[in-house]
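# A closer look at the structure
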Amino acid sequence: MRGRALIAIAALLACAAPAAAVQVRGVDPTAEPIPGASFACYAEETGDDYAAPAFTIAIGPGRTYRMAAGSGTFTVDPSEILSVSFATGPLSGAAFPGAVRFDDWGQVLTFRAPSGGDHSCYQSGPRQRLALTQMRLRDPAEGTYTCAVDDGGAPAGTFVFLPGNTYRYAGTTGAYSADILGHQDDTFSILEFAGGALDGRIASYGQQEATGVRRLSLDTTPDVTCASLGAPAARQRFGSGRAPAPPRGAGGLTGMYAAYRVDVTGACGGLCWSFLTFTRRGAVYTREPRTGPSDAACARRLPNGLPVCATYTITGGRIRIGEETSAFARSGRNLRIGGLVYRPVRPARGQRLAGTFRSTTTILNPDGSGGVTASTTFGFTAGGRFTRTGFAGSTFSPLPGNPGAAVTTVANTGSAGTYRAVGPNTMEFRFAGGARSRVFFFIPEGSGTRPKLLRLGGSSYLPR
């Protein structure tokens with residue numbers, strides 16, 4: 001199905017970025033459930049009823065848990081990705097251990113029940129609210145969608161989602177079912193049609209969080225994509241309360257710095273970047289901003305309760321950032337931290353671009369049996385317009401001596417509109433229909449409207 005290759009790339013990149021060591025209520029939240037937390041669990045099975053969880057789990061002290069079906073204990077092996085094993089109680093006896101993920105919004109606990117069913121459990125609070133938002137974005141919204149043929153963009157009429165899981169298309173009506181719960185990490189759902197012009201066909205549906213753009217991709221001959229515009233669904237950025245002040249003796253630097261190393265695997269698109277945004281009082285934002293410098297809100301907390309920023313102290317020729325200590329030296333305006341040279345990020349207020357820029361990422365399977373490639377191309381005009389085209393392909397070949405045929409999948413996307421630089425390093429895109437999106441950008445090499453290197457939205461772009 002179109003779009004699966006993009007999901008595979010996102011999953012591989014996520015695996016390549018291990019979380020920093022942190023303790024929450026005395027445990028590593030990347031390896032085990034947090035004591036005192038509760039989780040809303042949804043079965044990963046075909047269906048669209050996400051109004052209420054299948055059950056909830058409350059985590060107690062001493063690696064205990066409680067649910068309506070009874071209580072039990074679990075064990076943890078921090079050295080394993082599948083780190084959680086239910087030892088006693090209603091969840092014991094499963095064939096495989098479970099896993100915990102920890103992100104800015106909280107924890108996600110996934111496991112296979114003794115009966116064999118997979119479940120995703122979201123920590124109550126911001127993490128569950130985010131999960132419900134993402135489920136709603138995969139739930140077809142009623143209304144009229146404008147359709148076009150994928151190859152060439154010829155008009156293909158309209159598609160209407162009607163109440164009661166019914167639809168109207170090509171002068172006919174029918175019914176559809178949506179699988180929202182079966183693949184909860186996907187950004188789209190799978191629809192199956194019964195009756196009407198699409199009887200027996202399938203489609204994918206999803207709404208973009210940042211822009212509100214809804215896309216319905218019909219598996220027809222030729223393929224057709226239908227779109228409409230809904231409201232953006234911005235994620236919660238911050239939690240309650242203020243971050244603790246840095247310790248006495250911290251600080252001494254200010255501003256955003258970036259460093260790069262040559263990408264030997266292809267996963268970073270040529271260069272792997274690191275970013276540090278320092279405050280003079282001793283806080284440091286250790287990520288690449290998503291929307292711009294304002295992401296480094298070091299006085300705030302994340303929705304999961306942790307501070308947005310780490311603290312740093314400089315002693316002699318060493319710098320301590322969070323729990324890690326590295327060699328430190330100044331060289332003019334640059335900073336040498338560990339084995340990397342960090343250079344100041346230059347503001348790019350009012351930046352205009354001209355020409356075509358392309359970013360390509362390739363991830364090979366470790367066994368050499370294929371891989372995935374994603375490429376995005378932007379065409380800019382100095383007058384403030386842009387076109388964007390995207391391509392993703394995956395090839396998987398059986399190992400020598402194993403049966404099976406090579407499989408290749410392809411996904412293509414495109415959009416157009418206007419752009420402008422807002423603030424020192426934020427690019428705002430406005431799409432046809434009114435959708436907007438803001439991403440961080442800066443120019444590491446070159447100047448003018450056609451720089452030698454452009455960093456945009458987390459990817460590196462070269463002029464073509």
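Remember, it's a predicted structure, so these values are computed and weren't measured experimentally. The numbering scheme is per chain: residues are counted from 1 as the chain's sequence reads. The predicted nature of this model means local features are confined to residues of pLDDT at least 70 and side-chain atom pairs, given and counted, to a pLDDT of 80 or more, with totals for whole chains, interfaces and linings taken over all residues. As a rule here, side-chain values come from all non-hydrogen atoms in the structure, and water together with hydrogens is ignored.

Turning to the overall build of the protein, a few remarks are in order. We count a stretch as a helix when DSSP gives it H or I for four or more residues in a row; a strand needs E for two or more, and each element gets its number in order from the N terminus. Across its full length, the protein holds 2 helices and 32 strands. Taken over 464 residues, the protein has a buried fraction of 42%. By definition, residues are in contact when any of their heavy atoms lie within 4.5 Å. Sequence separation of at least 24 residues holds for 49% of the intrachain contacts in the protein that already meet a minimum separation of 6. For accessible areas, the Shrake-Rupley method is used with a probe of radius 1.4 Å. Any residue's cover is judged against the shown protein chains and nothing else. As displayed, the protein has an accessible area near 22,900 Å², and 53% of this comes from carbon and sulfur atoms. Exposure classes here rest on a 1.4 Å probe applied to the protein chains alone. A residue is buried below 20% of its type maximum, exposed above 50%, and partly exposed in between.

Within strand β8 (residues 118-123), 5 of the 6 residues are buried, which leaves it mostly tucked inside the rest of the structure. Across 5 bridges, strand β1 (residues 38-43) lies against β8 in antiparallel orientation. Bridging from a neighbouring strand, Cys41 pairs with Cys121 of β8. Criterion used throughout: strands pair if DSSP finds at least two bridges between them. The pairing of strand β7 (residues 106-112) with β8 spans 5 bridges and is antiparallel. Residue pairing for β8: Thr110 is matched across the bridge by Ser120. Connecting the antiparallel pair β7 and β8 is a turn made up of 5 residues, with Gly116 showing a positive phi of about 105 degrees.

Bringing the sheet that holds strand β12 (residues 172-179) into the picture now. Strand-to-strand pairing in sheets goes through backbone hydrogen bonds, with the strands running parallel or antiparallel. Read once around its circumference, the closed barrel built from 8 strands follows the order β9-β10-β11-β12-β13-β14-β15-β16, with strand pairing classed as antiparallel. Between one strand axis and the next, the sheet turns through 30 degrees on average, direction left out of account. Bridging between strand β9 (residues 143-149) and strand β10 (residues 155-162) involves 5 bridges; their strand directions are antiparallel. Paired with Thr146 across the two strands is Thr158, which belongs to β10. Only the stretch in contact is used when fitting a helix axis, every axis being a line fitted to C-alpha atoms; angles between N-to-C directions are given from 0 to 180 degrees.

What the 8 strands build is a closed barrel, ordered β17-β18-β19-β20-β21-β22-β23-β24; its pairing is antiparallel. On average, each strand axis in the sheet is tilted by 35 degrees relative to the strand beside it, whichever way the strands run. Where strand β21 (residues 318-321) meets strand β22 (residues 324-331), 4 bridges bridge the pair, whose relative direction is antiparallel. Bridged to Arg318 within β22 is Ala327.

With that settled, the discussion passes to the environment of Leu181. Within the secondary structure layout, Leu181 lies in the loop between β12 and β13 (189-194). For the pair Leu181 and Ala43, spaced 138 residues apart in the sequence, the C-alpha separation amounts to 7.1 Å. Once you skip the residues sitting within four places of it in the chain, Leu181 turns out to touch Tyr42, Ala43, Glu44, Glu45, Gly47, Asp49, Tyr50 and Met135.

It is worth stressing that arrangement in space is one thing and function is another; only the former is reported here.
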